Amino acid sequence: MNCKFCQSLLEEESSVCPVCGKDNDAEEIETVEEPVEALLDENAVTKDTVELPVEEIQEALQEETPKKKNLGKKIGVAVGAVAVVAAIAAGCVLYAPTWKMQHAMGKGDIYQRASYTQEIEKKLVKNDKQIVANMNGETLTNGELQIYYRMQYIQFLNTYGQYVSVLGLDTTKPLDEQICQTDENGQEITWQQFFLKNALDYWAYCRSMAREAEKAGMTLDETTQAQLDSLEEDFEANAQQNNFASADEMLAVDFGKGASMENYKSYAYNYFMGNTYFESKLNEYSRTAEDVEAYYDAHTEDFAAQNCEKNDMPATIDVRHILIKPATSGTDESGKAISTDEDWAAAEKKANEVYQQWKDGEATEESFDKLASEYNADGSSLYTDVTPGRMVAEFNDWCFDAARKTGDNGIVKTQFGYHIMYFVSASEKTYWYAMAEQMLMEDQANELSTSILEANPYEVNYLAIQIGEVEPASAS
C-alpha cells in the first residue's frame, strides 16, 4: 500500500508514512476559502508549514541538512508513480540526524572554485565517472554527485517553501551567482557551494551507514529489495510515458547532465541500506520510561524554557468544532471590513442556536459532525493530533484543560468567531514525556551517526567536480 499523501511505500500493518509522517487513516481536512490555519496562532508551528523566525532558519542552515516535506517539480511529473522514488526523494534518513560533518578537504576546500557549473555539457557527461570523493576506499563519482546535489536542493525547497526568498535564495537565478551566508570564518559561501557541501556530507552519511550494514551482513526486506530490483524497469516505463527517450534522459533533465540510471540506483541502494542499518542500531538504544524521565530531569531548564512542564497535560488531543464567524458589516479607518458589535452579537446568538440544536438531538460525535457540515465556517469539524500551543489561546486552553474528558462540549470565543466544541480524545502519553522521548531519541541518533561518520572520514577532489545545472525551479 502506498501513502495517499506522497505515494511512499507504507510498512506492513502501519498507516503512518515513514517519509512524510502523515497518518493515512486520519480524516483529511479539506482546503476551504477560509484556510484551516486561521485557527492557529500566527506564531505557532503547524504540521504543514515551517513558521520559524528568519534568524532560526539561518542558524539551521549552518547546523544541519534541512528536513524536507514534499515537492517534486519535473521529477514529480516524470516518476511520481513509482513509490520508491517518493521515498528516496526525501533526501534524508528516517530520523534525520542533525550532525555536523568535519571532513578532510583533499585538494583545496569548498572555496577552491567560485563556480562548479560546467558550461560544456559534453565534457560533463564524459566525466561522469570521474572520482570526486574517497572514503576509506569507497568512491563517489561525478555522475552520482549530481543526484545527491539535486536532492539537497529539492529538499531545501520542500522544507522552507515560502521562506526561501526571505533567506536570499532566488530560484530563478544560477545558484553559483548568489551568496547564501557567511561561514564561521567570515568567508562568503554561495548557494551552490552550500548545496554541494551538504550533498557531499550526505553521500558520506548514506554510504558509511550502508557500508556498516554490509559489514554486519544485513539485507533489505523483500519489499524494498523488490523495489530496487524493478527500479530501472519502472523508470524506463515512466520515461516512455512522459515522452523521454530513456530513463537516463529523464534523469539528466531532472538532475543535470551526467546523472544516469546507474547513478540513481547507487543512490537508492545507499539510502535504503543505510536507513535499514541506522534504524536497527538506533533501536538498540534504551528508551524505557525510566530513561525518558531521567532525561527530562537532566534537562529540566531546557524543557521549562519551552513551557514543557512535568504534569498530566496530554501530548496531543483530537477535537471537533463548529466555527460561527461574525459578518463584516463595518469598516475601520482605512476602509478595511470589520465586524461590528452587532455582528458579534448575531454570531453568538447563532452559535447558541446551533449548539442547542445539537443538544436537543442525539448529542453524539456523529451528529456533531453532521451539523458541522451545515454550519461550520472552517470546512471540517475535526482536528487530530493537536499539540499544546498550536491553537489560539482560548481554543488551546479549553482543549488542554486538566479536567477535559471525552464528550465534553461547550462554546469558546476567539478572534475568529464562536467555536462550538466537542472533545474527542487525548493521547495516553503526556506532553512532557513525549517531548523528552523525542529529544532523547534525537540525541541518540546524533550520537550514533557521529560515531559512524567519525570512523569514516573522506577526502574531496574539488577540482574534479562538475555540476550540471537544470532549469530553475520554483518553491511555490
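Residues numbered from 1 in each chain as written. Predicted model: local features only at pLDDT ≥ 70, side-chain atom pairs only at ≥ 80, totals over all residues. Heavy atoms only, no water.

A word on the overall build of the chain. Each helix and strand in the chain was counted, giving 16 helices and 11 strands. In the chain, which comprises 476 residues, the proportion classed as buried is 48%. Contacts in the chain between residues far apart in sequence, at least 24 positions, make up 73% of those at least 6 positions apart. Total accessible area computed for the chain in this model is approximately 23,400 Å², and 46% of it derives from carbon and sulfur atoms. (Helix = DSSP H or I, 4+ residues; strand = E, 2+ residues; numbered from the N terminus. Buried < 20%, exposed > 50% of the residue type's maximum accessible area, 1.4 Å probe, protein only. Contact = heavy atoms within 4.5 Å. Areas by Shrake-Rupley, 256 points an atom, 1.4 Å probe, with all protein chains shown as cover.)

For the rest of this paragraph, the subject is the sheet that holds strand E11 (residues 459-460). The strand order across the open sheet formed by 3 strands is E2-E1-E11, and the pairing between neighbours is antiparallel. Taken across any chain shown, the strands that pair with only one partner, and hence form the sheet edges, are strand E2 (138-141) and E11. Inspection of the sheet shows strand E1 (residues 131-135) paired to E2 by 4 bridges, in the antiparallel sense. Residue Asn 134 lies in a different strand from E2, and its bridge partner there is Thr 139. Its contacts with the sheet place helix H5 (residues 142-160) against E1 and E2, and it is angled at close to 75° to E2. (Pairing = 2+ DSSP bridges. Axes fitted to C-alpha atoms, helices over the stretch in contact; angles between N-to-C directions.)

Closest axis-to-axis distance for the helix H8 (residues 231-241)/helix H9 (residues 247-255) pair is 8 Å, and the angle between their directions is 75°. If you check the angle between H8 and H9, you find them roughly perpendicular. Counting all contacts with H8, which are made through Phe 235, Glu 236, Asn 238 and Ala 239, the residues of H9 involved are Ala 247, Met 250 and Leu 251. Along the lines of polarity and charge, the residues of the contact of H8 with H9 split into 5 nonpolar, 1 polar and 1 charged. (Parallel < 35°, antiparallel > 145°, perpendicular 65-115°, else oblique. Nonpolar A, V, L, I, M, F, W, Y, C, P; charged D, E, K, R; others polar.)

With that settled, consider unusual backbone geometry. In this structure, Asn 307 takes a positive phi of about 55° despite not being glycine. For Asn 307, the location among the structural elements is in the loop between helix H12 (300-305) and strand E5 (317-324). Positive phi, close to 55°, is recorded for Asp 385, a residue that is not glycine. Mapped onto the secondary structure, Asp 385 falls in strand E8 (residues 382-386).

Let us now look at the sheet that holds strand E10 (residues 417-426). The 4 strands lie next to each other as E8-E5-E10-E9, forming an open sheet whose pairing is antiparallel. Where the open sheet ends on each side, the last strands, each with one partner, are E8 and strand E9 (409-414). Between one strand axis and the next, the sheet turns by 35° as a mean value, whatever way the strands run. Examined bridge by bridge, E5 and E10 share 8 bridges and lie antiparallel to one another. Across the sheet, the residue bridging to Ile 317 is Ala 426, located in E10. Across the face of the sheet, helix H13 (residues 341-360) comes into contact with E5, E9 and E10 while running at roughly 35° to E10.

Attention now moves to the packing of aromatic side chains. Here a ring pair, both rings aromatic, is described through the centre-centre distance and the interplanar angle of the planes. One pass over the structure, following the stated rule, counts 29 aromatic pairs. Both rings, one in Trp 203 and one in Tyr 458, keep their centres 5.8 Å apart while their planes meet at 90°; by these two values the pair is edge-to-face. Of this pair, Trp 203 sits in helix H6 (residues 191-215) while Tyr 458 sits in the loop between helix H16 (431-454) and E11, placing them 255 residues apart in sequence. Owing to a relative accessible area of 1%, Trp 203 belongs among the buried residues under this scheme. Three or more aromatic residues joined by ring pairs form one cluster here, namely Tyr 148, Tyr 202, Tyr 205, Phe 235, Phe 255, Tyr 264, Tyr 267 and Phe 278. (Phe/Tyr/Trp six-rings, centres within 6.5 Å; stacked < 30°, edge-to-face > 60°.)

Take the pairing of E5 next. Extensive coverage of E5 is indicated by the burial of 8 of its 8 residues. Every second residue of E5 is oriented toward a common face, with Ile 317, Val 319, His 321 and Leu 323 on one face and Asp 318, Arg 320, Ile 322 and Ile 324 on the other, all of them buried. Here E5 runs beside E8; their pairing, made up of 3 bridges, is antiparallel. Bridging across to E8, Arg 320 finds its partner in Leu 382.

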